[in-house]
Amino acid sequence: MAATDIDVNYVAHLARLSLSPEEAQKFGAQLKSVLGYIEKLQEVDVNGIEPTAHAFPLINVTRPDEVRPSLDHAEALRNAPAQANGLFMVPKIVE
Amino acid sequence: MLNALTISELGKKLAAREVSAREATQACLDRIQQVDGRVRAFVSYDARDALAQAAAADQRLAAGERGPLLGVPLGIKDVISVKGQPLRCGSKILGQFVSPYDATVIQKLRAAGAVVFGRLNMDEFAMGSSTENSAFQTTGNPWDTSRIPGGSSGGSAAAVAADECVAALGSDTGGSIRQPAALCGCVGLKPSYGRVSRFGLVAFASSLDQIGSFTKQVRDAATMLEALSGVDPCDSTSVPQPVPHYATSLSGEVKGLRLGLAKEYMVGGLNPEVRLAMDAAVNQLVKLGAELVEISLPHTDYAVATYYIIATAEASANLARFDGIRYGARVEGADPTELYSKTRGAGFGPEVKRRILLGTYVLSSGYYDAYYIRAQKVRTLIRADFLKAFEKVDAIITPTSPTPAFKIGEKADDPLQMYLMDIFTISANLAGICGISVPCGFTPSPRLPIGLQLLGKPFGEETILRVAHAYEQATAWHKEKPPLS
């Protein structure tokens, strides 16, 4: 794994993040330096070590499956950038 | 000046009905008028709402109710939902977002009768160590407004240090409470992972984030922690541990307590003045009867790298929700993908973009095992280092930040140097343990605050509060006020 092969425009596409050519160039250089630093983790012997996803894992946290009050329709739509007929407006998805 | 009081001082006056919550709140609002043009801690505040809450608190006091937070004005970091108030996380992408509900911590503070007001400035989405990444304004350190207040909760730290509120809420993912508290000269507590509900906290890195307090003294940190803690059905990572009466642990005694000094923390990069203050603080605690034990945290050198993989990976997933569909700003596009990309490209600032890119990269096909899974394994080793150390010691003592507050703009274009500012704080989040920063001195010229960090076992807040309080009682650093007038 070479740390210097980050293709910023490909990663930006994966992240749905448009970048200007200047940003792509600048972030590419900065990320290479950060990745170069991160590379030091390759020195650590992690054989037989389990990954930690949470420092205090709780297993199977459940609650009763009951209907409870929640945001009403108007409140849920209150911050929408575009709405009509009580729905979020989005660009056409299906022809 | 009521705004300059601690929670316990103001609480006594309110309980004795010597002063009203309305007067205390007005004092904070006046102080904001007086100094916030220079400090720039508040992104916005709703004076009418604050005074209405204060009037309600005064009614409860008049009816005979008493409580340590009843009528006390508290500032809130702009990452925690307060119903009917703006929530923007220091970002343009949230547009004119207004919170539809209260975070659990806000519900608890309201129940306790606190006046929760103001939106305190922060690095965008809590990503940063200087608050320079806010899309709205640069906050000045009250001790020297040409310097950064630390971050990401820089607004909270500066507001408390400048007496614009009595205490404040912040969030800490890698040091975002403790580091600005150190740099502004106040007390900052990051509780153990799971101690405080994050429901209503905008998520940055879900396995690391915790809500905590900024206060003017350790006793207030104990009061705040008791009010904020507890299991919450709305946050399945909150832990069903009993909530102690934390103030009881403030005995003033450290005799017989074992304090760990990690040899790995005493290496290069540590500012000599910070080192001197730290050594003096250690000597003070020994004088008070604490026992020093040298410990080793062998994976310390890997903590920053581990953190920047795990935190960015989680952030890249958490911030996917900001897509211009259901809330916030939107830039239109011909199809949904174009809309998402343009919205996010226009809405996020440079540091957030860098971290989303890094996080997306370490999670992407071909790199997931080499970066992300490996970092999670190193995290296991870092956590094990701490748990092993805590078999020998009751708390670990470190500087909070390797340097005092630097000049605004000094590190703005060098992300890696900025990340290394977090060297003493990020391990606590990886390990899920608790930590507190208390004032422990000043650099001579310019006069800037220095912080001492105490790290405790998971759910060991009582011990670190006890040590921090005993140290504070023996020193006067926390009583000094910045030269703002």
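Placed above this text is the structure.
Remember, it's a predicted structure, so these values are computed and weren't measured experimentally.

1. A few points about the overall build of chain A
Link 1 in the chain: From N to C terminus, chain A includes 3 helices and 2 strands.
Link 2 in the chain: Traced from its N-terminal end to its C-terminal end, chain A shows the element sequence α-α-α-β-β.
Link 3 in the chain: Dimensions of chain A along its principal axes, counting C-alpha atoms only, are 55 × 45 × 25 Å.
Link 4 in the chain: The buried share of chain A, taken over its 95 residues, is 29%.
Link 5 in the chain: Looking at chain A as shown, the accessible area adds up to about 6600 Å², and 53% of this sits on carbon and sulfur atoms.

2. Observations concerning the overall build of chain B
Link 1 in the chain: Looking only at helices and strands, chain B features 15 helices and 11 strands.
Link 2 in the chain: Radius of gyration (C-alpha) of chain B: 21 Å, near the 23 Å computed for a compact globule of 485 residues.
Link 3 in the chain: Over its C-alpha atoms, taken along the principal directions, chain B stretches across nearly 65 × 55 × 45 Å.
Link 4 in the chain: By residue count, 68% of the 485 residues in chain B fall in the buried class.
Link 5 in the chain: Approximately 15000 Å² of chain B is accessible, and the part contributed by carbon and sulfur atoms is 52%.

3. Thoughts on the packing of aromatic side chains
Residue and element names in this part refer to chain B.
Link 1 in the chain: According to the stated counting rule, one finds 17 aromatic pairs over all chains in the structure shown.
Link 2 in the chain: Residues Y101 and F199 carry aromatic rings whose centres are separated by 5.1 Å and whose planes lie at 15 degrees to one another, so their mutual orientation is stacked. Residue Y101 is located in the loop between β2 (73–77) and α4 (104–111), and its partner F199 is located in the loop between β5 (187–190) and β6 (210–215); the two are separated by 98 residues in the primary sequence.
Link 3 in the chain: On the basis of relative accessibility, which here comes to 31%, the residue Y101 falls in the partly exposed class.
Link 4 in the chain: Residue F199 is classed as partly exposed on the basis of its relative accessible area, which comes to 25%.
Link 5 in the chain: Residues Y307 and Y308 carry aromatic rings whose centres are separated by 4.9 Å and whose planes lie at 80 degrees to one another, so their mutual orientation is edge-to-face. Of the two residues, Y307 and Y308, neither departs from the other in class, the shared state being buried.
Link 6 in the chain: One aromatic cluster in this structure is built from F97, F125, F322, Y327 and F348.
Link 7 in the chain: One residue, R88, lies across the ring of F136, its end atom 4.6 Å from the ring centre.
Link 8 in the chain: A cation over a ring is seen here: K411 above F406, with NZ or CZ 5.1 Å from the ring centre.

4. Focus: the environment of L10 of chain B
Residue and element names in this part refer to chain B.
Link 1 in the chain: Summarising the element assignment, L10 is placed in helix α1 (residues 7–15).
Link 2 in the chain: Sequence-wise, L10 and G71 are 61 residues apart; in three dimensions their C-alpha atoms are separated by 8.8 Å.
Link 3 in the chain: Ignoring anything within four residues of it in the chain, the contact list for L10 reads L5, V19, A24, V72, P73 and V166.

5. Comments concerning the side chain of T398 of chain B
All names here are of chain B.
Link 1 in the chain: Here T398 lies in strand β9 (residues 395–399).
Link 2 in the chain: Taking the relative accessible area as the measure of exposure, T398 reaches 0% and is therefore buried.
Link 3 in the chain: If near-sequence neighbours (up to four positions away) are discounted, T398 is found in contact with Y265, M278, F424, L452, Q453 and L455.

6. Comments concerning the pairing of strand β10 (residues 434–442) of chain B
All names here are of chain B.
Link 1 in the chain: Among the 9 residues in β10, 9 count as buried, and that is most of the element.
Link 2 in the chain: Here β5 runs beside β10; their pairing, made up of 3 bridges, is antiparallel. Across the sheet, the residue bridging to L189 is I436, located in β10.
Link 3 in the chain: When β10 meets strand β11 (residues 449–456), the two strands line up antiparallel, connected through 8 bridges.

7. Structural notes on the pairing of strand β3 (residues 115–120) of chain B
All names here are of chain B.
Link 1 in the chain: A large share of β3 lies buried, amounting to 6 of its 6 residues.
Link 2 in the chain: The pairing of strand β1 (residues 42–44) with β3 spans 2 bridges and is antiparallel. What sits directly across from S44, in β3, is R119.
Link 3 in the chain: As defined by bridge partners, β2 adjoins β3 across 5 bridges and the pair is classed as parallel. Across the sheet, residue K77 finds its bridge partner in β3, namely L120.
Link 4 in the chain: Read as a crossover between parallel neighbours, the route from β2 over α4 to β3 is right-handed.

8. A short note on the sheet that holds β2 of chain B
All names here are of chain B.
Link 1 in the chain: Sheet architecture is open: 11 strands sit in the order β1-β3-β2-β4-β6-β5-β10-β11-β9-β7-β8, paired in mixed fashion. Bordering the open sheet on either side are β1 and β8 (291–295), each of which pairs with just one other strand. For this sheet, the mean inter-axis angle between neighbouring strands, taken without regard to orientation, is 35 degrees.
Link 2 in the chain: Where helix α7 (residues 218–228) meets the sheet, its contacts fall on β2, β4 (167–172), β5, β6 and β10, and the angle it forms with β6 comes to roughly 145 degrees.
Link 3 in the chain: Relative to the sheet, helix α15 (residues 461–474) contacts β5, β7 (258–262), β9, β10 and β11, its axis offset from that of β10 by approximately 10 degrees.

9. Here's the deal with the nonpolar core
Residues and elements named next belong to chain B.
Link 1 in the chain: Among the nonpolar cores identified, the biggest contains 172 residues, and I80, F125, L169 and F386 are the most heavily contacted of them.
Link 2 in the chain: Each residue touching F386, except ones within four places of it in the same chain, is listed here: Y265, L297, I396, S427, A431, I433 and L455.
Link 3 in the chain: Ranked by size, the runner-up nonpolar core spans 7 residues in total, among them L183, F406, M418 and M421.

10. Focus on helix α3 (residues 47–62) of chain B
An α-helix turns once every 3.6 residues. As a result, residues three or four positions apart point the same way.
All names here are of chain B.
Link 1 in the chain: Compared with an ideal rise of 1.5 Å per residue, which puts 16 residues at 22 Å, α3 spans 22 Å between its outermost C-alpha atoms and is within 8% of the ideal.
Link 2 in the chain: Looking at α3, one finds that the buried residues are A50, L51, Q53, A54, A57, D58 and L61. Mapping the buried residues of α3 onto a view down its axis gives an arc of 155 degrees, with all of them on the same face. For α3, the exposed residues set more than 90 degrees away from the buried face come down to R48, Q59 and A62.
Link 3 in the chain: If you follow the buried residues of α3, they end up packed against α1, α2 (21–39), α4 and β3.

11. Let's talk about the interface of chain B and chain A
Link 1 in the chain: In this complex, chain B contributes 69 residues to the contact, which on the side of chain A involves 55 residues.
Link 2 in the chain: Remark: the boundary between chain B and chain A carries 2 salt bridges.
Link 3 in the chain: The salt bridge partner of K40 of chain A is D301 of chain B, with a shortest N-O separation of 3.2 Å.
Link 4 in the chain: On the surface where chain B and chain A come into contact, there are 21 residue pairs in polar contact (both at pLDDT 80 or more).
Link 5 in the chain: Breaking the side of chain B that touches chain A down by element, the ones donating at least two residues are α9 (303–318), α10 (336–347), α11 (350–363), α12 (368–392), α13 (415–419) and α14 (426–431) of chain B.
Link 6 in the chain: Per-element accounting of the side of chain B that touches chain A gives the leading share, 12 residues, to α12 of chain B.
Link 7 in the chain: Residue composition of the side of chain B that touches chain A, grouped by class: 36 nonpolar, 19 polar and 14 charged.

Conventions we followed
- Residues numbered from 1 in each chain as written.
- Chains lettered and ligands numbered in written order.
- Predicted model: local features only at pLDDT ≥ 70, side-chain atom pairs only at ≥ 80, totals over all residues.
- Heavy atoms only, no water.
- Helix = DSSP H or I, 4+ residues; strand = E, 2+ residues; numbered from the N terminus.
- Buried < 20%, exposed > 50% of the residue type's maximum accessible area, 1.4 Å probe, protein only.
- Areas by Shrake-Rupley, 256 points an atom, 1.4 Å probe, with all protein chains shown as cover.
- Rg over C-alpha atoms; globule rule 2.2 N^0.38 Å.
- Phe/Tyr/Trp six-rings, centres within 6.5 Å; stacked < 30°, edge-to-face > 60°.
- Lys NZ or Arg CZ within 6 Å of the ring centre and 35° of its normal.
- Contact = heavy atoms within 4.5 Å.
- Pairing = 2+ DSSP bridges.
- Right-handed = clockwise from strand over helix to strand, strands pointing away.
- Axes fitted to C-alpha atoms, helices over the stretch in contact; angles between N-to-C directions.
- Core = buried A, V, L, I, M, F, W, Y, C linked by side-chain atoms within 4.5 Å.
- Expected span 1.5 Å × (residues − 1).
- Arc of directions from axis to C-beta.
- Salt bridge = Lys/Arg side-chain N within 4 Å of Asp/Glu carboxyl O.
- Polar contact = N/O pair within 3.5 Å; in protein donor to acceptor, adjacent residues only side chain to side chain.
- Nonpolar A, V, L, I, M, F, W, Y, C, P; charged D, E, K, R; others polar.

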